[in-house]
Amino acid sequence: MFRYLIHLFITLGLALYLTGCAASNAHITAEIPPMHTVSEFSDDESVSHTHDPWEGFNKGMYKFNYQFDRFVFLPVVDGYETVTPGFVQTGVSNFFANIREIRTLYNSILQAKGKESLVTLGRFLANSTIGIGGLFDPATSFGWRQQHEDFDRTLETWGVGTGPYLVLPVLGPSTARNASGLAVDGAVRWAVVSSIDPFGETGASSEIEMGATTLEAVDLRHREKFRYYESDYPFEYYMVRYIFSERRELTTIR
Amino acid sequence: MKIARDILIIFLLLMPAFAWADDAVYRYPIDDSYGATILGTPQNLRPELSGKAPVKTMILETDQKKPEIFFYDRGLRYTVAFQDRKAPLIFLIAGTGSGSKSPKVLALMENLYHAGFHVIALPSPTFPNFIIDASTSHVPGNLSEDAVDLYRVMEKIRDQFKGRIEVSHFLLAGYSLGGTEAAFVAKLDEERKVFDFSKVLMLNPAVSLYNSVSRIEGLLDGIPGGPRRVGAFFNRVMDKSTNFYRKGAFVGVDDDFLFAAYQAQLLDRDEAGGIIAVSFRISSAGMIFASDVMTNGGYVVPRNKVLKNSDSLEDYFWTTLHLSFLDYFNEYFVPYFQSRRPGLSREELIEALSLKSIEGYLASSAKIGVITNEDDFILAPGELDYLRRVFGPRLKVYPRGGHLGNLEYRDNMAFLIDRLRSATW
């Protein structure tokens, strides 16, 4: 499965690169300045404050994600939605959300958020036991609401700036700091899983872990309603970038 | 005594029925026309529907050669919800800048599907996808030309589904600009008779495209610094909303949040109007840009420039956001049609983009009806009276609801469906 994915990545990347080449060798007609240009409207306050020096790269990634969604991700998600009944999907979502509680837990501790740490620990214990390994979420019905913390937020409380806007492959809109946060959280998870080695006795632990990672990705995509270019709006990239930044504004610093 | 009491109880039970029938106690709750337009109808006042309609997105492939930056556009996207038995089929036309999956279209689809119709929804001719794929001129806004494009699309879609669904007869409805367009499509259908629509419904239509657009653009005159300061205005409103959100215990930016903000009078009337105009600007920015690229018009993009996917469009975004629909009309639209028809005056064109240009047909055609609101601000002074004069009993006016705010309100939806089902008005 993994090798297949890598192969697809390379093929898609190559295809995107080649289409880029094919399109760039046309047109030599002289350009004529338009009737209106942005300089006329420089007296207004700008709306976007997102630092986006890698826009060209980001737009390439944005396009790649669209193609990846279209040819790989969404067909798999559609298949998943067709094959599995609704309660299984909820169970899968709960299961992975429960595993992510660990991430929230150590990050709230790193940020010295006492109450959040306790709620998260309580949730994790309750859902892992009464909730049968996290398949159910009884903790929410006790009034313990799910918290969201990750290393990106930890870096933020430590005073690290967000850094430039960055569109990640498959994962989508992000920032440089968020990407480092993801890397750290990913490394922690990898370290934990390999020290416990829960599937060690099966003799196929790496395959099982790979399958679990894929299932988690499918679950996340299944719960995300956003579809690239669905708005058909020519400036969608900028709208998404703006909304991404605003949403971060809303959910942080509360 | 017992009989008297029973009669009293029956009378009490009947009371709400009497009350509902009377416009004086129309219970759509939002008095302010801008508030209604922004908020729409609270969830608990919408019709209760059992289950979801099987809405599917379809693509009508076109052979238009597309510029590279529109690589994602694979054909005209429309939505359908079909019954599994013989049923009347209604075409819906979306309002300015909207696609066939906009919330209002989906709301109409759900309700009409549950009322037993096959439903096919089309994007507005001002929607970039339509401009790129289905518009012959790629210059939207000319009502009779847009009607021809819409009609062609409807025929193609009907051909796609021939033999797969059973249709008893055809109907047509549109809201906002889509309502005005529905009238022009209906007139075209009288000549071509492909669908022979049995009923045509215009929901909160514009009477004159030019007047309505002027009125919406005019809402920006009330913001500090006027239309040239839309960016500063937008930032201020966003800051207010963000602060309000942070102070309250909201779970997300949803209806609850919006209603709470409304009740707290977060925005004054000028600001509410400004936000409506800004959202209109956001739509028109996409429309202007798509049209300019498709025609190589040299309006905001240099003529002959071939845009690549990696090119930044941010400056074009900012420029088009600051151009009003009236700039587009005067500097781009009028010259384009004058170049095709020398001697055509600006005034003649404005006249042509109005229901007045097909008034004779509208007055005499018994199948066309209009539903609108007393406080719909896209109508210029006198235009409501004009509708009354032309449509007479085929016009229904609700006392409030702004521009389409009450579309999803129970009474409105029930009335609308009842009109579509009945043989006469």
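Reading the values: rules and limits
Residues numbered from 1 in each chain as written. Chains lettered and ligands numbered in written order. Predicted model: local features only at pLDDT ≥ 70, side-chain atom pairs only at ≥ 80, totals over all residues. Helix = DSSP H or I, 4+ residues; strand = E, 2+ residues; numbered from the N terminus. Buried ≥ 20, exposed ≤ 12 C-beta atoms within 10 Å, placed from the backbone. Contact = placed C-beta atoms within 7 Å. Rg over C-alpha atoms; globule rule 2.2 N^0.38 Å. Expected span 1.5 Å × (residues − 1). Arc of directions from axis to C-beta. Axes fitted to C-alpha atoms, helices over the stretch in contact; angles between N-to-C directions. Parallel < 35°, antiparallel > 145°, perpendicular 65-115°, else oblique. Left-handed = near helix turned anticlockwise from the far one by under 90°. Nonpolar A, V, L, I, M, F, W, Y, C, P; charged D, E, K, R; others polar. Core = buried A, V, L, I, M, F, W, Y, C linked by C-beta atoms within 7 Å. Domains from an automatic or database assignment. Pairing = 2+ DSSP bridges. pLDDT = per-residue confidence, 0-100.

**Describing the overall build of chain A**
Consideration 1: Across its full length, chain A carries 9 helices and 2 strands.
Consideration 2: Order of helices (α) and strands (β) in chain A, N terminus to C terminus: α-α-α-α-α-α-β-β-α-α-α.
Consideration 3: Within chain A, buried positions represent 21% of all 254 residues.
Consideration 4: Sequence-distant contacts in chain A: of pairs separated by 6 or more residues, those separated by 24 or more amount to 65%.

**Description of the overall build of chain B**
Consideration 1: Tallying secondary structure elements over chain B gives 16 helices and 8 strands in all.
Consideration 2: In summary, chain B has a C-alpha radius of gyration of 23 Å against a globular reference of 22 Å for 425 residues, a match within 12%.
Consideration 3: Counting only C-alpha atoms, chain B reaches 90 × 55 × 40 Å along its principal axes.
Consideration 4: By sequence separation, contacts in chain B at least 24 residues apart represent 76% of the contacts at least 6 residues apart.

**Remarks on unusual backbone geometry**
Consideration 1: One non-glycine residue, Ile132 of chain A, adopts positive backbone phi at about 45°.
Consideration 2: For Ile132 of chain A, a count of 13 C-beta atoms within 10 Å translates into the label partly exposed.
Consideration 3: The backbone phi angle of His138 of chain B is positive, close to 65°, even though this residue is not glycine.
Consideration 4: With respect to the helices and strands, the residue His138 of chain B is situated in the loop between helix H4 (128–133) and helix H5 (143–161).
Consideration 5: For His138 of chain B, a count of 20 C-beta atoms within 10 Å translates into the label buried.

**Side note on helix H3 (residues 103–114) of chain B**
Residue and element names in this part refer to chain B.
Consideration 1: An ideal rise of 1.5 Å per residue puts 16 Å on 12 residues; H3 measures up with 17 Å between its terminal C-alpha atoms.
Consideration 2: Along H3, the residues that are buried comprise Lys104, Val105, Leu108, Met109, Glu110, Asn111, Leu112 and Tyr113.
Consideration 3: Where H3 ends, the next residue or the one after it, Gly116, has phi of about 100°, a positive value.

**Points about H5 of chain B**
Residue and element names in this part refer to chain B.
Consideration 1: End to end, H5 covers 27 Å across 19 residues, agreeing with the expected 27 Å (1.5 Å per residue, within 8%).
Consideration 2: Along H5, the residues that are buried comprise Leu143, Asp146, Ala147, Asp149, Leu150, Val153 and Met154. An end-on view of H5 places all buried positions within 165° of arc, on one side of the element. For H5, exposure combined with an orientation more than 90 degrees from the buried face picks out Arg152 and Asp159.
Consideration 3: Tucked into the core, H5 has its buried residues touching strand E1 (56–60), strand E2 (76–81), strand E3 (87–93), strand E4 (118–122), helix H6 (177–192) and helix H7 (209–218).

**So, the environment of Tyr299 of chain B**
Consideration 1: Take Tyr299 of chain B: it is sitting in the loop between helix H10 (269–295) and helix H11 (314–321).
Consideration 2: Each C-alpha atom, one on Tyr299 of chain B and one on Ala173 of chain B, is 33 Å from the other, the two residues being 126 residues apart in sequence.
Consideration 3: Excluding anything up to four places from it in sequence, Tyr299 of chain B contacts Pro34, Met35 and His36 of chain A together with Ile288, Asp292 and Tyr332 of chain B.

**With respect to the packing of H5 of chain B against H6 of chain B**
Residue and element names in this part refer to chain B.
Consideration 1: Remark: H5 packs on H6, axes separated minimally by 9 Å, with the N-to-C direction vectors making an angle of 70°. Judged by the angle between their axes, H5 and H6 are roughly perpendicular. Here H5 and H6 pass one another in a crossing that is right-handed. Packed against H5, whose contacting residues are Leu143, Ser144, Asp146, Ala147, Val148, Leu150 and Tyr151, the element H6 presents Thr180, Glu181, Phe184, Val185 and Leu188 at the interface.

**As for the interface of chain B and chain A**
Consideration 1: With 42 residues of chain B at the interface, the matching set in chain A holds 35 residues.
Consideration 2: Of all the elements in the fold, those that place two or more residues in the side of chain B that touches chain A are H4, helix H8 (230–247), H10 and H11 of chain B.
Consideration 3: For the side of chain B that touches chain A, the leading source of residues is H8 of chain B, giving 8 residues.
Consideration 4: Per-class residue counts for the side of chain B that touches chain A are 19 nonpolar, 13 polar and 10 charged.

**Brief notes about the nonpolar core**
Residues and elements named next belong to chain B.
Consideration 1: Ile90, Leu92, Val119 and Leu172 are the most contacted members of the largest nonpolar core, which totals 122 residues.
Consideration 2: Sort the elements by how many residues they give to this core and H10 lands first, with 12 residues.
Consideration 3: No fewer than three residues from each of domain 1 (26–207 + 355–421) and domain 2 (215–340) sit in this core.
Consideration 4: In contact with Leu172, not counting residues within four places along its chain, are Ile90, Phe91, Ala182, Val185, Ala186, Phe197 and Val200.

**Digging into the domain arrangement of chain B**
Residues and elements named next belong to chain B.
Consideration 1: Assigned domains of chain B: these are domain 1 (26–207 + 355–421) and domain 2 (215–340).
Consideration 2: Between domain 1 and domain 2, the contact holds 25 residues from the first and 26 residues from the second.
Consideration 3: Class assignment of the residues belonging to the side of domain 1 that touches domain 2 gives a composition of 15 nonpolar, 9 polar and 1 charged.

**What to know about the sheet that holds strand E6 (residues 199–203) of chain B**
All names here are of chain B.
Consideration 1: Pairing in this open sheet of 8 strands is mixed, and the strands run E1-E2-E4-E3-E5-E6-E7-E8 from one edge to the other. The two strands at the open ends of the sheet, each matched to only one other strand, are E1 and strand E8 (395–398). Neighbour-to-neighbour, the strand axes of this sheet turn through a mean angle of 20°, independent of strand direction.
Consideration 2: Across the face of the sheet, H6 comes into contact with E3, strand E5 (167–175), E6 and strand E7 (368–373) while running at roughly 135° to E5.

**Things to note about the packing of H10 of chain B against H11 of chain B**
Residue and element names in this part refer to chain B.
Consideration 1: Axis separation between H10 and H11 bottoms out at 8 Å; the angle between their running directions is 120°. In terms of orientation, H10 and H11 fall into the oblique class. The handedness of the crossing between H10 and H11 is right-handed. Touching Arg281, Ile282, Ala285, Ile288 and Phe289 of H10 are Tyr316, Phe317, Thr320 and Leu321, all from H11.
Consideration 2: By residue class, the composition of the contact of H10 with H11 is 7 nonpolar, 1 polar and 1 charged.

**Structural notes on the environment of Asp133 of chain B**
Consideration 1: Summarising the element assignment, Asp133 of chain B is placed in helix H4.
Consideration 2: Spatially, the C-alpha atom of Asp133 of chain B lies 23 Å from that of Phe195 of chain B, the residues being 62 residues apart in sequence.

**Brief notes about the pairing of strand E2 (residues 172–175) of chain A**
Residue and element names in this part refer to chain A.
Consideration 1: Both strand E1 (residues 165–168) and E2 contribute to a ladder of 4 bridges, which runs antiparallel. Bridge pairing links Leu166 to Ser174 in E2.
Consideration 2: The antiparallel hairpin formed by E1 and E2 contains 3 residues in its connecting segment, where Val170 sits at a positive phi of about 65°.

**Some words on the confidence of the model for chain A**
Residues and elements named next belong to chain A.
Consideration 1: Overall, the predicted model of chain A reaches an average pLDDT of 85, with 87% of residues at or above 70.
Consideration 2: Taking the mean pLDDT of every element in chain A, the minimum, 45, falls on helix H1 (residues 2–24) and the maximum, 95, on E1.
Consideration 3: Every residue in residues 1–6 scores below 50 in pLDDT, and together they form 3 contacts with partners more than four places removed in sequence or on other chains.
Consideration 4: Per-residue pLDDT stays below 50 along residues 8–26; that stretch engages in 11 contacts with residues further than four places along the chain or on separate chains.

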